[in-house]
Amino acid sequence: MSVARQARYPVIAATHSRKKPLTVTQLKTKLLACDAFGITRAAKLLNSGKTVAIPTETVYGLAADARSDNAVQKIFDAKGRPAENPLIIHLARPEDLPRFARAGNLAMSLAGRFWPGPLTLVLPAKENSGISRVATAGQRTVALRVPAHETARKILGAFGGPAAAPSANLSGHVSATAASHVLDDLGGRIDAVVDGGSCDAGIESTILAVEADTIQLLRSGAISAEDIESEIGEKVLLGSGTGAPPAPGRGFAHYAPKTRVRINADRPGIDEIWLGFGSNAKEDSMNLSKSGDLSEAASNLFQMLRIADKLAIESGSAAIAVSRVPDYGIGRAVNDRLRRAAEGRKDWQA
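It should be emphasised that the depicted structure is a prediction, and the values quoted were computed from it without experimental measurement.

**Remarks on the sheet that holds strand β15 (residues 286-287)**
Across the sheet, four strands lie side by side as β13-β16-β14-β15; this open sheet has parallel pairing. Lying at the two open borders of the sheet, with one neighbouring strand each, are β13 (260-265) and β15. Of the strand pairs in this sheet, strand β14 (residues 272-276) and β15 are connected by two bridges, and their pairing is parallel. The partner of L275 across the bridge, within β15, is M286. On top of the sheet, helix α9 (residues 331-343) reaches β13 and β16 (319-323); it is set at about 135 degrees to β13, its chief contact.

Given below as structure tokens:
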């Protein structure tokens, strides 16, 4: 179970005091409840070209109308996201897939088995689909998924169109798995946040490129390659070579806290914050999963990285030391995030 807890806030607006990566117009960020009014209000904001952070089962996504160049550009501006980094397009229903992409039998099989859910399919974009080329970064492919989170689907259904929705955090920073994380990074930079509590999976969707009879893993995520193979009986090619299509987040710095991250550590240094895994950690230390459960570790990862970062800053610690995590199943996604956190640029907050 995730350490994140559903939070309610006594205010309906927040401003962001952290140093910004870009100069943007200061907005009054509304905090919307996860109820009928909040869902209706969020849909209306999306229809008027605004940006709304919505909960999903993976992480919070910063949503905007995927058909509007102007609305999509607001996502890039708020996050400080590189323009060449395409966005994932979120749909309300699996049946909407053929409207936006050319999907063969294999892609339809994957969508039928894993949608709604934390799986993104990168497919050839359908001509005249209406999806903004700003959202696809001018590529001929489009990344699509149908979230499993009930509130997200209700908002998308009420909105009535496709929504571009990358993670709702400053580009390069640790992803947001609670409304408070979104406000900390983007308060004053976006129009609204729908508070749907903590995200169950706590880690982003798996991204697959599907072409004819080939499935290529572009990003490890909440569904493991092994689970995909066992469900559909097709081999998933690991690693994204030079011939792989562009995919959201691939090749860009991500998930980095302000504090340096040291991974695959056997023990913490004297001036390090310790983040353990399994039975190798002290009782009073943070632990991704004391039982060694990889799904629990994934669910806790971003929340604990944010907590560890805050503790490190307050105590003047030199680094966050993270225990070894097994590199199979969903552990492959956890290690991907940790490696990129360790390598991530430190200028996301500059």
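On we go.
**Some thoughts on the packing of helix α8 (residues 294-315) against α9**
One way to put it is that α8 packs onto α9 with a least axis distance of 9 Å and a crossing angle of 30 degrees. For the element pair α8 / α9, the angle class is roughly parallel. The interaxial crossing formed by α8 with α9 has left-handed handedness. When α8 is examined against α9, the residues L294, A297, A298, L301 and F302 are found in contact with a partner set consisting of G331, V334, R337 and L338. For the contact of α8 with α9, a count of residues per class yields seven nonpolar, one polar and one charged.

**As for the packing of aromatic side chains**
All told, the structure shown has one aromatic pair when counted by the stated rule. Ring plane angle 20 degrees and centroid distance 5.6 Å describe the contact between Y255 and F302, whose orientation is recorded as stacked. Taken as a pair, Y255 in the loop between β12 (236-237) and β13 and F302 in helix α8 lie far apart in primary sequence, 47 residues in all. The ring of F114 carries R113 above its face, with NZ or CZ at 4.9 Å from the centroid.

**A closer look at unusual backbone geometry**
The peptide bond linking W115 to P116 adopts the cis configuration, its omega dihedral lying at -5 degrees. Topologically, P116 is positioned in the loop between α4 (105-114) and β6 (119-124). Unlike most non-glycine residues, N128 shows phi in positive territory, near 60 degrees. Structurally, N128 is set in the loop between β6 and β7 (141-145). For N128, a relative accessible area of 81% translates into the label exposed. Phi angles above zero are rare outside glycine, and A137 is one such case at about 55 degrees. Within the secondary structure layout, A137 lies in the loop between β6 and β7.

**Section: the side chain of T58**
In this fold, T58 is placed in the loop between β3 (52-54) and β4 (61-65). Using a relative accessible area of 4% as the deciding quantity, one classes T58 as buried. A polar atom in the side chain of T58 sits 2.8 Å from the side chain of T56. With near-sequence residues (within four places) excluded, T58 lies in contact with P118, R145, T177, C199, A201, G202, I203, E204 and S205.

**Considerations on the nonpolar core**
Counting 51 residues, the largest nonpolar core has L110 and L208 as its most contacted members. The residues contacting L208, other than those within four sequence positions of it, are L110, L119, T120, L121, V122, I215, Q216, L217, I228 and V236. Listed in part, the 28 residues of the second largest apolar core include I273, M286, A297 and A298.

**Brief notes about the pairing of strand β11 (residues 214-219)**
Of all six residues in β11, five are buried, a share of seventy percent or more. Here five bridges tie strand β10 (residues 206-211) to β11, and the two strands are oriented antiparallel to one another. Note on β11: the bridge partner recorded for I207 is R219. Where β11 and β12 come together, two bridges link them in parallel fashion. Looking at β12, one finds that I215 is bridged to V236. Once the chain exits β11 it traverses helix α7 (residues 225-232) before rejoining the sheet at β12, and the crossover so formed is right-handed.

Cut-off values and rules
- Residues numbered from 1 in each chain as written.
- Predicted model: local features only at pLDDT ≥ 70, side-chain atom pairs only at ≥ 80, totals over all residues.
- Heavy atoms only, no water.
- Pairing = 2+ DSSP bridges.
- Helix = DSSP H or I, 4+ residues; strand = E, 2+ residues; numbered from the N terminus.
- Contact = heavy atoms within 4.5 Å.
- Axes fitted to C-alpha atoms, helices over the stretch in contact; angles between N-to-C directions.
- Parallel < 35°, antiparallel > 145°, perpendicular 65-115°, else oblique.
- Left-handed = near helix turned anticlockwise from the far one by under 90°.
- Nonpolar A, V, L, I, M, F, W, Y, C, P; charged D, E, K, R; others polar.
- Phe/Tyr/Trp six-rings, centres within 6.5 Å; stacked < 30°, edge-to-face > 60°.
- Lys NZ or Arg CZ within 6 Å of the ring centre and 35° of its normal.
- Buried < 20%, exposed > 50% of the residue type's maximum accessible area, 1.4 Å probe, protein only.
- Polar contact = N/O pair within 3.5 Å; in protein donor to acceptor, adjacent residues only side chain to side chain.
- Core = buried A, V, L, I, M, F, W, Y, C linked by side-chain atoms within 4.5 Å.
- Right-handed = clockwise from strand over helix to strand, strands pointing away.

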